[in-house]
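Descriptive structure summary
Here's the letter readout for the chains.
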Amino acid sequence: MSHTHYTTLISAANLAERLAAAPGSVALFDCRFDLADPGAGEAAYAAGHLPGAHYLHLDRDLSGRKTGTNGRHPLPTRDALATLLASRGLKQGQQVVAYDAQGGAYAARLWWLLRWLGHDSVAVLDGGLQAWEAAGQPLTTDVPHPAAGDFRSATPLESTVDAATVLANVSSPARVVIDARAPDRYRGENETIDRVGGHIPGARNRFFKDNLTADGRFKTGHELREAFTAVLAGTEPNRVILQCGSGVTACHNALALEVAGLHGASLYPGSWSEWSADPSRPIATGPNP
């Protein structure tokens, strides 16, 4: 039996149809999280989740070891993440669907990570848990216990840049940096998470929540393409560096760019939390340049 291959977004209706037709064909991962309360997502999962879904914790599962200088959510190693996903039953080539209840902010991190592991059959549930429930679909408290899968990493479909590359770009701008944080934090106001407020000099602001409609679903590819084309102002998408506070919501902009058909942007995983940890790195404040 052949199935549609989802690589960006999947609707609640299409996911329900797929699960009904072939339940074992989809690996579901619940990525709910709250930066202010790191246990909240896991507690919400225990209270009710999509049938068959496994929980992945942003700090514990979708991030690596923090050193104090590499940001709040450094990337895990590719091998460690691949091993973890295989232990949750993921098979080579299997369709993955990630979801959360925060507009895709955390599910997009898993979407990006799987593409970084060379796996393109991964989509975010458009509208998240809210869309699933609005469609009349069930939740469960049952925790799945599958046999280990054979998933392993392959050639990355996503690229990264490091702080040195971003610093070199400040003095010789060859690429456009897009900051996914809220406009006030970008401007250097109301900073309550990182050491200091502001943004990377030259970075342009595209708040990740602007990728969504009022109901929490992604805007159309056409709408997103128009919006990002305005931000890019003639820059090719493969010359874009995406960042945010800690490399998480920047993945939401990466997904939005993919939905828009604008391919090739790179992620700066350390983002502002890494950048601002070194007082020698330059900082800018104020509105978009």
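Cut-offs used in this document
Residues numbered from 1 in each chain as written. Predicted model: local features only at pLDDT ≥ 70, side-chain atom pairs only at ≥ 80, totals over all residues. Heavy atoms only, no water. Helix = DSSP H or I, 4+ residues; strand = E, 2+ residues; numbered from the N terminus. Rg over C-alpha atoms; globule rule 2.2 N^0.38 Å. Buried < 20%, exposed > 50% of the residue type's maximum accessible area, 1.4 Å probe, protein only. 1 Å grid on protein atoms, 1.4 Å probe; cavity = no way out; pocket = protein on both sides within 12 Å on 5 of 7 lines; lining within 4 Å. Points joined across faces, edges and corners; volume = space filled by probe spheres on them. Nonpolar A, V, L, I, M, F, W, Y, C, P; charged D, E, K, R; others polar. Pairing = 2+ DSSP bridges. Phe/Tyr/Trp six-rings, centres within 6.5 Å; stacked < 30°, edge-to-face > 60°. Disulfide = S-S within 2.5 Å.

In terms of regular secondary structure, the protein is built from 10 helices and 10 strands. Relative to the 2.2 N^0.38 estimate, which gives 19 Å for 289 residues, the radius of gyration of the protein is 18 Å and therefore close to what a compact globule would have. Expressed as lengths along the three principal axes of its C-alpha atoms, the size of the protein is roughly 55 × 40 × 35 Å. Within the protein, the proportion of its 289 residues that are buried is 54%.

Now for unusual backbone geometry. Glycine aside, a negative phi is what most residues show, and trans is what most peptide bonds show. Phi angles above zero are rare outside glycine, and asparagine 190 is one such case at about 60°. For asparagine 190, the location among the structural elements is in the loop between α7 (183-187) and β8 (204-205). The phi dihedral of alanine 233 falls on the positive side, at around 50°, and the residue is not glycine. The residue alanine 233 is located in the loop between α8 (221-232) and β9 (240-243) in this model. Looking at alanine 233, the relative accessible area reads 60%, which means it is exposed.

This part takes up empty space enclosed by the protein. Here the structure, examined in full by the defined rule, presents 1 cavity of 30 Å³ or more. Considering only enclosed or pocket space, the largest cavity measures out at about 40 Å³ in volume. Residue lining of the largest cavity: Ala98, Tyr99, Asp100, Gly103, Gly104, Ala107, Val124, Leu125, Gly127, Gly128, Gly216 and Phe218, and that is the complete set. For the lining of the largest cavity, the secondary-structure elements that each account for two or more residues are β4 (95-99) and β5 (122-125). Across the lining of the largest cavity, the residue classes tally to 6 nonpolar, 5 polar and 1 charged.

Our focus in this paragraph is the layout of surface pockets. Remark: the empty space left among the atoms is shown by a probe the size of a water molecule rolled over them. Of the volumes computed, that of the largest pocket is approximately 420 Å³. In terms of lining, the largest pocket is formed by 22 residues, of which the most central are Leu35, Tyr106, Arg185, Phe208 and Thr249. Each pocket or cavity is described by its volume, and for the second largest pocket that value is around 230 Å³. Along the wall of the second largest pocket there are 18 residues; nearest its centre are Val26, Ala27, Gly52, His54 and Gln94. With 4 residues, the top contributor of residues to the lining of the second largest pocket is strand β2 (residues 26-30). Each residue belonging to the lining of the second largest pocket can be placed in one class, and the counts come to 11 nonpolar, 5 polar and 2 charged.

A few words now on the pairing of β4. In terms of residue burial, β4 counts as a mostly covered element, since 5 of its 5 residues are buried. The two faces of β4 match: Gln95, Val97 and Tyr99 on one face and Val96 and Ala98 on the other face are all buried. For β2 and β4, the ladder comprises 5 bridges, and the chain directions are parallel. Of the residues in β4, the one forming a bridge with leucine 28 is valine 97. Across 3 bridges, the pairing between β4 and β5 is parallel. Across the sheet, the residue bridging to valine 97 is alanine 123, located in β5.

Glancing now at the packing of aromatic side chains. One pass over the full model with this rule turns up 4 aromatic pairs. Centroid distance tryptophan 112 to tryptophan 116: 5.8 Å. Interplanar angle 20°. Geometry classified as stacked. Of this pair, tryptophan 112 and tryptophan 116 both sit in helix α4 (residues 107-116), 4 residues apart, roughly one helical turn. Each of the two residues, tryptophan 112 as well as tryptophan 116, counts as buried.

Take the state of the cysteines next. The tally for this structure, following the rule as stated, stands at 0 disulfides. A disulfide-free cysteine, cysteine 244 has its sulfur positioned 6.9 Å from the sulfur of cysteine 251, the nearest such atom. Assessed through its relative accessible area of 0%, cysteine 251 is described here as buried.

Attention now goes to the sheet that holds β5. Ordered by their spatial adjacency, 5 strands build an open sheet running β1-β5-β4-β2-β3, and the pairing between neighbours is parallel. Each having just a single partner strand, β1 (9-10) and β3 (54-55) make up the two edges of the open sheet. Sheet topology note: the β1/β5 ladder contains 2 bridges and is parallel. Considered in β5, the bridge of leucine 9 is made with valine 124.

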